[in-house]
Amino acid sequence: MPDLILASGSAIRAALLGRAQVPFRVRTAPVDEDAIKASLLAEGTRPRDIADALAEAKAQRVGVKEPAALTLGCDQILDLDGTVFSKPESREQAADQLSRLSGKTHRLHSAAVIFYDAQPVWRFVGEARMTMRPLSPAYISDYLDRGWPELGTSVGVYRIEEEGSRLFSRIDGDYFSILGLPLLPLLTFLQDREVIRT
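Because the structure is a prediction, the values reported are computed rather than measured.

What counts and what doesn't
- Residues numbered from 1 in each chain as written.
- Predicted model: local features only at pLDDT ≥ 70, side-chain atom pairs only at ≥ 80, totals over all residues.
- Heavy atoms only, no water.
- Phe/Tyr/Trp six-rings, centres within 6.5 Å; stacked < 30°, edge-to-face > 60°.
- Helix = DSSP H or I, 4+ residues; strand = E, 2+ residues; numbered from the N terminus.
- Buried < 20%, exposed > 50% of the residue type's maximum accessible area, 1.4 Å probe, protein only.
- Lys NZ or Arg CZ within 6 Å of the ring centre and 35° of its normal.
- Axes fitted to C-alpha atoms, helices over the stretch in contact; angles between N-to-C directions.
- Left-handed = near helix turned anticlockwise from the far one by under 90°.
- Contact = heavy atoms within 4.5 Å.
- Nonpolar A, V, L, I, M, F, W, Y, C, P; charged D, E, K, R; others polar.
- Core = buried A, V, L, I, M, F, W, Y, C linked by side-chain atoms within 4.5 Å.

## Regarding the packing of aromatic side chains
Phase 1: Evaluated as defined, the whole model comprises 5 aromatic pairs.
Phase 2: Each ring, one from Tyr-139 and one from Tyr-143, has its centre 5.9 Å from the other, and the planes form 20 degrees; the classification is stacked. Here Tyr-139 and its partner Tyr-143 are both found in helix α5 (residues 137-147), 4 residues apart, which amounts to about one turn of the helix.
Phase 3: Ring centres of Tyr-158 and Phe-168 lie 4.9 Å apart, and the angle between their planes is 85 degrees; this geometry places the pair in the edge-to-face category. Taken together, the positions of Tyr-158 in the loop between α5 and β7 (168-172) and Phe-168 in strand β7 put the pair 10 residues apart, joining distant regions of the chain. Each member of the pair, Tyr-158 together with Phe-168, is buried.
Phase 4: A network of ring pairs unites the aromatic residues Trp-122, Phe-124 and Phe-189 as a single cluster.
Phase 5: A cation sits over an aromatic face here: Arg-193 above Tyr-116, 5.5 Å from the ring centre.

Structure follows, in structure tokens:
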């Protein structure tokens, strides 16, 4: 039974795997996400495929060094009418992103790729359609007062498992994918590979 490596420093992804009683270890994958994203955007790549490519780059970075393990890379891309959002670099940028998302529906693409024997053996991209309530400038400011800088670790500047749930009037999609990991399809794959048993 091969080891599972999470090629991510994401605390929420690690927590999801841990709560599901999946044995794994963490080995972060330093990749230049901004450069990869910029290159793909310049080529006109769809947001969904950008998420997939970034997840694959992370899985590959660790997977080629540990070919006997199953290496899981993940990434999320927020798509507002074709405009791709990245994690905000400042509180001001976070406020601007929330203002742009306010009252609109965006798509959140959550990709996962597994490498084994130095090649991709499984991939999945979950999608959620998320409709944000109209947010007043005062609420956005108060919301960031309560949650910044931690909110900056979330693309879209929301943590759906916390106060971020209040930002939305409707969500269509998988809850785990919104958190950053399409957990149910992943568990099916791990069961098929006998990494876990049910």
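## As for the packing of helix α2 (residues 33-42) against helix α3 (residues 47-63)
Phase 1: At a minimum axis separation of 10 Å, α2 and α3 run at an interaxial angle of 145 degrees. Where α2 crosses over α3, the two elements pack in a sense that is right-handed. For the pair α2 and α3, contact is made by Glu-33, Ile-36, Lys-37, Leu-40 and Leu-41 and by Ile-50, Ala-53, Leu-54, Ala-57 and Lys-58, respectively.
Phase 2: Partitioning the contact of α2 with α3 into residue classes produces 7 nonpolar, no polar and 3 charged.

## Section: the nonpolar core
Phase 1: Core analysis: the largest hydrophobic core is formed by 43 residues, its most contacted members being Leu-72, Tyr-158, Leu-167 and Leu-190.
Phase 2: Excluding its chain neighbours within four sequence positions, the residues that come into contact with Leu-72 are Leu-4, Ile-5, Leu-6, Ala-7, Leu-17, Ala-59, Ala-112, Val-113, Ile-114, Leu-181 and Leu-186.
Phase 3: If you look at the next biggest cluster of nonpolar residues, it comprises 12 residues, including Ala-55, Ala-111, Val-113 and Phe-115.

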